[in-house]
Amino acid sequence: MRTATGTLKLFHRDLATLGFSQRRVHDLRRTFVSLARTDGAEKHILKRATHAAPKDVMEGYTTFEFEVVCREVAKLNLK
C-alpha cells in the first residue's frame with residue numbers, strides 16, 4: 001500500500017520525466033473525469049471509480065458490476 005507522500009513523490013517524478021510542471025494528484029483526477037465525461041462516460045457510474053461511497057442511502061445500496069465501471073473508464077479516448 002502506498003502512502004500519500006510516496007504517491008505524490010512518484011507522481012512528481014513521472015511529471016518531471018515527461019517534462020511537465022508539478023501538479024497535485026487531485027488535478028490528475030479532475031483531468032481524468034473531465035476527459036472521460038467529454039468522451040461519453042456516464043457521471044453516476046464513473047463517480048464510483050473516482051470517489052468514496054456516496055452517503056445517500058439509495059446510492060449506497062446500488063452496486064455496479066466491475067465490467068460496467070470498466071466500460072465507463074474505457075470510454076476515455078487516449079491518443
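Here, every reference points to the structure presented above.
Residue positions are counted from 1 within each chain, in the order its sequence is given. Where totals are concerned, whole chains, interfaces and linings use all residues; where local detail is concerned, this predicted model gives features only for residues with pLDDT of at least 70, and gives and counts side-chain atom pairs only at 80 or more. With hydrogens and water set aside, each side-chain value is computed from the structure's full complement of heavy atoms.

(A) Structural detail: the packing of helix H2 (residues 25-38) against helix H3 (residues 43-50). Structural elements are reduced to axes, namely lines fitted to C-alpha atoms, with helices fitted over the stretch in contact, and the angle between N-to-C directions of any two is expressed from 0 to 180 degrees. Labels follow the DSSP assignment, with helices taken as runs of H or I lasting at least four residues and strands as runs of E lasting at least two, numbered in each case from the N terminus. Running from N to C, H2 and H3 point in directions that differ by 155°, and their axes come no closer than 11 Å. Considering their axes alone, H2 and H3 lie roughly antiparallel with respect to each other. Remark: the crossing between H2 and H3 carries right-handed chirality. For the pair H2 and H3, the contacting residues are Arg29, Phe32, Val33, Ala36 and Arg37 in the first and Lys43, Leu46 and Thr50 in the second. What sets the label is the angle itself: under 35 degrees gives roughly parallel, over 145 gives roughly antiparallel, 65 to 115 gives roughly perpendicular, and the rest give oblique. For a crossing to be left-handed, the near helix must be turned anticlockwise from the far one by less than a right angle; the clockwise case is right-handed. Note on contacts: a residue pair qualifies if any of its non-hydrogen atoms lie within 4.5 Å across the two residues.

(B) Region of interest: the packing of H3 against helix H5 (residues 66-73). Two numbers describe how H3 lies on H5: the axes approach to 9 Å, and their chain directions differ by 100°. Judged by the angle between their axes, H3 and H5 are roughly perpendicular. The segment H3 lies against H5, with Ile45, Leu46 and Ala49 engaging Val68, Val69, Glu72 and Val73. Each residue receives one of three labels: charged for Asp, Glu, Lys and Arg, nonpolar for Ala, Val, Leu, Ile, Met, Phe, Trp, Tyr, Cys and Pro, and polar for the others, Gly being one of them. Of the residues contributing to the contact of H3 with H5, the split by class is 6 nonpolar, no polar and 1 charged.

(C) How the structure looks around H3. For H3, the complete set of buried residues consists of Ile45, Leu46 and Thr50. Along H3, the residues classed as buried sweep out an arc of 140° about the axis, all on the same side. Summarising the contacts, the buried residues of H3 are in contact with H2 and H5. The cut-offs for exposure are 20% and 50% of the maximum accessible area for each residue type, with area from a 1.4 Å probe on protein chains only; residues under the lower value are buried, those over the upper are exposed, and the others partly exposed. Working definition: the arc comes from the directions between the helix axis and the C-beta atoms, pointing outward to the latter.

(D) Region of interest: the environment of leucine 8. Following the sequence through the fold, leucine 8 ends up in helix H1 (residues 4-18). A residue is classified by how much of its surface remains accessible, and leucine 8, at 33% relative accessible area, is partly exposed. Distance in space between the C-alpha atoms of leucine 8 and arginine 71 is 28 Å, their sequence separation being 63 residues. Sequence-distant contacts of leucine 8, defined by excluding residues within four places in its chain, comprise Arg23 and Val25.

(E) The pattern of salt bridges, seen in detail. Take a side-chain nitrogen of Lys or Arg and a carboxyl oxygen of Asp or Glu: if they are within 4 Å of each other, that pair is a salt bridge. In this structure the tally under the stated criterion is 4 salt bridges. Here arginine 13 and aspartate 14 are joined by a salt bridge, their closest N and O atoms 3.3 Å apart. Using a relative accessible area of 36% as the deciding quantity, one classes aspartate 14 as partly exposed. Lysine 75 is the partner of glutamate 72 in a salt bridge, and the nearest nitrogen-oxygen pair spans 3.2 Å. According to the relative accessible area criterion, glutamate 72 is buried, its value standing at 4%. Among the charged side chains, a salt-bridge network with shared partners connects Arg24, Asp27 and Arg30.

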